[in-house]
Amino acid sequence: MEREEGCTRSNRDLAEEIRKKLEQVIRDSGTTAACAAVCAEGELLAGACAGKRGFEDSKAQVEDLYNIGSVSKVYTTVAVMKLVQEGKISLDTPVSVYLPDWKLGDERYREITVRMLLNHSSGIPGTNLHDHLVAGEERELFAGKYRNTPEYWRGVKLRARPGSFSCYSNDGFDLLVEVVEAVTGEPYIQWLREQIGKPAGLFSIGAGRRLAAGHVKVSCKGREPEYYNCFGAGAIHPTVPECALFGYLFVDAKGIVEQSFLDETRRPQGVSFLQGAYDATNFCLGWDSLYNRDRIPLGEGAVVKDGGTEQFSSYLLVSPARRLSLAISATDDGDVWWLDVLEDIGREALKALGEGVNQEAGTEAVQAETTAATESPESKEKRDPASLYSGLAY
């Protein structure tokens, strides 16, 4: 794998195209830093970055760390499905079986299953922001250490009967991490690194103030890097190339998890008692939805996950049909629709791989001039009224 400033690549031309694209967007928008990566056939095809590190004036590097926000939920999903394969967790078993001391102020909590947490149908309200930023750490990082204490849960009332309606819930994914810790006996991040990260050759996975050795975390210009402790919902900070490689596990899990278990996560499983509430029924397990925009032909079964924090915006797109994984993360201080940028990069990747970009998308759509990535939010909503990829996230 060749490396030079701002680029990591096995495909020199594609890496340069990505770098130029990011530099142009940064110039137009005033964004501090951005990084994108493409993984194909199990390898990093190209990765590039642009901008500055923010907290200092040095240039951003592809090895820098980015907060990927709710893309962290995809990591949680892989962890859960590995334990399902091992017979330590069952998707349709009540959460209270694994966490017998966990109790809500709403007696219906006993009906909540692991699957309901993954498809956002548990009825648990969305986000408890209490102590979601890390002030300091001790040696072991257990998920329940800072937040979502027994006192917090006892005051929670469910939005709806468990299993009846899917509504985005960050707290549900933090609870999933507590289930992982209960059945493994290990801190989640430590277990994730050892059982999934290392076998996959991914060593930058971190959360809180613990950074992988030799890496720097970027930030918005003039601000200190942010650190989160909502481990299951939105605290992971990897390099962007490694985020793309993690996404590729849903194409080829390399024996780390049996592939059929990850295939199950890409099946829409959201539920609703309201007719026409398609945004509720679009949820997969951990993923926001199947990818159904027509800007890039990713084929059947492609999935998308977005993530946002106070300083970052991120997307992960995975296409088993194209054997492709695309990731992007950027500081959130410019008016940019980063999904558009990632789709543009994906289109260039398909060209580099010799894939026709008009095989499945309508000819008119793929031949139309690309809409500027820095268009206004109002125009984006008109073009994409479903807003399928803008779920509440850290």
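Below: a short report on this structure. (Residues numbered from 1 in each chain as written. Predicted model: local features only at pLDDT ≥ 70, side-chain atom pairs only at ≥ 80, totals over all residues. Heavy atoms only, no water.)

## Re the overall build of the chain
Note the cut-off: Where helices and strands are cited, they refer to DSSP runs of H or I of at least four residues and of E of at least two residues respectively, numbered from the N terminus. Between buried and exposed lies partly exposed: a residue is buried under 20% and exposed over 50% of the maximum accessible area for its type, with that area taken using a 1.4 Å probe on protein chains only.
When helices and strands are counted, the chain shows 13 helices and eight strands. Residues counted as buried form 58% of the 394 residues belonging to the chain.

## Focus on the packing of helix α2 (residues 72-85) against helix α8 (residues 240-247)
What counts here: Lines fitted to the C-alpha atoms define the axes, with helices restricted to the stretch that makes contact. Angles between their N-to-C directions range from 0 to 180 degrees. Oblique is the label for every angle not falling under 35 degrees (roughly parallel), over 145 degrees (roughly antiparallel), or within 65 to 115 degrees (roughly perpendicular). Note on convention: near helix rotated counterclockwise from far helix by under a right angle means a left-handed crossing. Clockwise means right-handed. The contact criterion used is simple: two residues touch if any of their non-hydrogen atoms lie within 4.5 Å.
Following both chains from N to C, one finds α2 and α8 inclined at 40 degrees, their axes separated by 11 Å at the closest point. Relative to α8, the element α2 is oriented oblique. Between α2 and α8 lies a crossing of left-handed hand. Here Val74, Tyr75 and Val78 of α2 lie close against α8, whose contacting residues are Glu242, Cys243 and Phe246.

## A look at the nonpolar core
Selection rule: The criterion is simple. A nonpolar core is a set of buried Ala, Val, Leu, Ile, Met, Phe, Trp, Tyr and Cys residues joined through side-chain atoms within 4.5 Å.
Counting 77 residues, the largest nonpolar core has Tyr75, Val95, Trp102, Val114, Tyr188 and Ile196 as the members making the most contacts within it. The leading source of residues in this core is α2, at eight residues. Those residues in contact with tyrosine 75 that lie beyond four places of it in its chain are Ile68, Tyr188, Leu192, Ile205, Ile236, Pro238, Glu242, Cys243 and Phe246.

## Points about the pattern of salt bridges
What counts is decided by this rule: Salt bridges, as used here, are contacts in which a Lys or Arg side-chain nitrogen is within 4 Å of a carboxyl oxygen on Asp or Glu.
The tally for this structure, following the rule as stated, stands at 26 salt bridges. For the salt bridge of arginine 19 with glutamate 23, the shortest nitrogen-to-oxygen distance reads 2.7 Å. Here glutamate 23 and arginine 19 lie together in helix α1 (residues 12-29), a separation of four residues that amounts to about one turn. In this structure, lysine 21 and aspartate 344 form a salt bridge, with 3.0 Å as the shortest nitrogen-oxygen distance. With lysine 21 in helix α1 and aspartate 344 in helix α11 (residues 338-352), this residue pair connects regions lying 323 residues apart in the sequence.

## Remarks on the packing of aromatic side chains
As a reminder of what qualifies: Centre distance within 6.5 Å is the pairing criterion for rings of Phe, Tyr and Trp, where only the six-membered ring of Trp is used; planes under 30 degrees apart are then read as stacked, over 60 as edge-to-face, and the remainder as tilted.
Counted under the stated rule, the structure contains eight aromatic pairs. Taken together, a centroid distance of 3.8 Å and an interplanar angle of 10 degrees make the contact between tyrosine 75 and phenylalanine 246 stacked. Of this pair, tyrosine 75 sits in helix α2 while phenylalanine 246 sits in helix α8, and the two are 171 residues apart along the sequence. By the burial criterion, tyrosine 75 is buried, and phenylalanine 246 matches it. Measuring from centroid to centroid gives 6.2 Å for tyrosine 168 and phenylalanine 283, while their planes differ by 45 degrees, and the two rings are tilted. Residue tyrosine 168 is located in the loop between α5 (150-154) and α6 (170-184), and its partner phenylalanine 283 is located in the loop between α10 (278-281) and β5 (289-290); the two are separated by 115 residues in the primary sequence. A residue is classified by how much of its surface remains accessible, and tyrosine 168, at 7% relative accessible area, is buried.

## Topic: the side chain of aspartate 344
Which entries qualify depends on this criterion: Within 3.5 Å is the distance limit for a polar contact, defined as a pair of N or O atoms, with the added protein rule that one can donate a hydrogen and the other accept it, and that residues adjacent in sequence qualify only through two side-chain atoms.
Take aspartate 344: its relative accessible area is 9%, and that puts it in the buried class. Among the polar contacts made by the side chain of aspartate 344, one reaches the side chain of lysine 21 at a distance of 3.0 Å.

## Comments concerning α2
Threshold: Any helix carries an expected span of 1.5 Å times its number of residues minus one.
In this model, α2 (14 residues) spans 20 Å end to end at C-alpha, consistent with the 20 Å of a helix rising 1.5 Å per residue. A large share of α2 lies buried, amounting to 13 of its 14 residues. One or two residues past the end of α2 sits glycine 87, with phi positive at roughly 80 degrees.

## Looking at helix α7 (residues 188-197)
Worth spelling out the cut-off: By definition, the arc is the one covered by directions from the helix axis to the C-beta atoms.
Along α7, the residues that are buried comprise Tyr188, Ile189, Trp191, Leu192, Ile196 and Gly197. An end-on view of α7 places all buried positions within 160 degrees of arc, on one side of the element.

## Thoughts on the environment of lysine 88
If you trace the backbone, lysine 88 turns up in the loop between α2 and α3 (95-98). Of the residues examined, lysine 88 reaches a relative accessible area of 43% and is grouped as partly exposed. Separated by 92 residues in sequence, lysine 88 and valine 180 place their C-alpha atoms 9.1 Å apart. Look past the residues within four positions of lysine 88 in its chain and what remains in contact with it is Leu83, Tyr98 and Val183.

These values are about where atoms sit, not about what they do.
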